[in-house]
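As a plain string of letters, each chain reads:
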Amino acid sequence: MAVIEINHPLIQHKLTLLRNKNTDTKSFRENLNEISKLMTYEVTKNLVLDEIEVETPLMKTTGYTLGTNIAVVPILRAGLGMVDGIVSLIPTAKIGHIGVYRDEETLQPVYYYCKLPVDVQNKQVILVDPMLATGGSAIYAIDYLKNAGVKNIVFMCLVAAPEGIAKVLQTHPDVAIYTAKIDQGLDSNGYIYPGLGDCGDRIFGTK
Ligand code: URA
């Protein structure tokens, strides 16, 4: 599969607002929500539709429906900041949660929670985490979903480091990565630069 950078002017404008260290929590949340919505248009481009019959005021014709086979799975906690934007466009989506945090010293993923929708193995899953840094959490979450039987996964993030992209694609070449921007790289603490800092802290105002 591939990495797809969604270079839309509206997304790049809003991402710049998110990068700005002076953007407050309220604006950060709002802009992340809006970017997520805009990105959803591209991320869902290849979703499989069900064919249905629809009756217009003039005649019966063939229509298409997303049905109920889509699940959005945020990686806690920063992934939560992207969920509302996505489900505002796909209200029938079910929502699962995977709790994985990054150990500050080892930078390794540490699992602590998971709840997935029933029948998740038959759903098209949009896995979301705003920051694809080392790739550890994303790979852990994809492994988890595949072990649960999920066959169709796309990964959606806001900013991605080349190191994380390479690792995810190497480990899970069947998973497409959608990002608003591929950044320069990782610093020695595993932060993406230029990045936007700790996304979870900026969403929830915890720092
Ligand atoms: N997680 C974040 O929130 N920011 C980074 O730059 C890397 C990981």
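Residues numbered from 1 in each chain as written. Predicted model: local features only at pLDDT ≥ 70, side-chain atom pairs only at ≥ 80, totals over all residues.

- Per an unreviewed UniProt entry, the protein chain goes by the name Uracil phosphoribosyltransferase and belongs to Cetobacterium somerae ATCC BAA-474.
- Of the comments in the UniProt record for the protein chain, the one headed Catalytic activity (unreviewed entry) reads "UMP + diphosphate = 5-phospho-alpha-D-ribose 1-diphosphate + uracil". (UniProt positions renumbered as here; feature names shortened; annotations may be inferred.)

**Remarks on the site of the ligand**
Okay, so step 1: Looking at the ligand, the residues that line it are Ala78, Met131, Ala133, Tyr191, Ile192, Gly195, Asp198, Cys199 and Gly200.
Okay, so step 2: Taken together, the residues that form the shell around the ligand break down as six nonpolar, two polar and one charged. (Near = placed C-beta within 6 Å. Nonpolar A, V, L, I, M, F, W, Y, C, P; charged D, E, K, R; others polar.)

**Side note on the pairing of strand β6 (residues 97-102)**
Okay, so step 1: Both strand β4 (residues 70-76) and β6 contribute to a ladder of two bridges, which runs parallel. Note that in β6 the partner of Ile75 across the bridge is Ile98.
Okay, so step 2: Relative to strand β7 (residues 109-115), β6 runs antiparallel, the two sharing six bridges. Counterpart to Val100 in the pairing with β7 is Tyr111.
Okay, so step 3: Between the antiparallel neighbours β6 and β7 lie six residues, among them Leu107 with a positive phi of about 65°. (Pairing = 2+ DSSP bridges. Helix = DSSP H or I, 4+ residues; strand = E, 2+ residues; numbered from the N terminus.)

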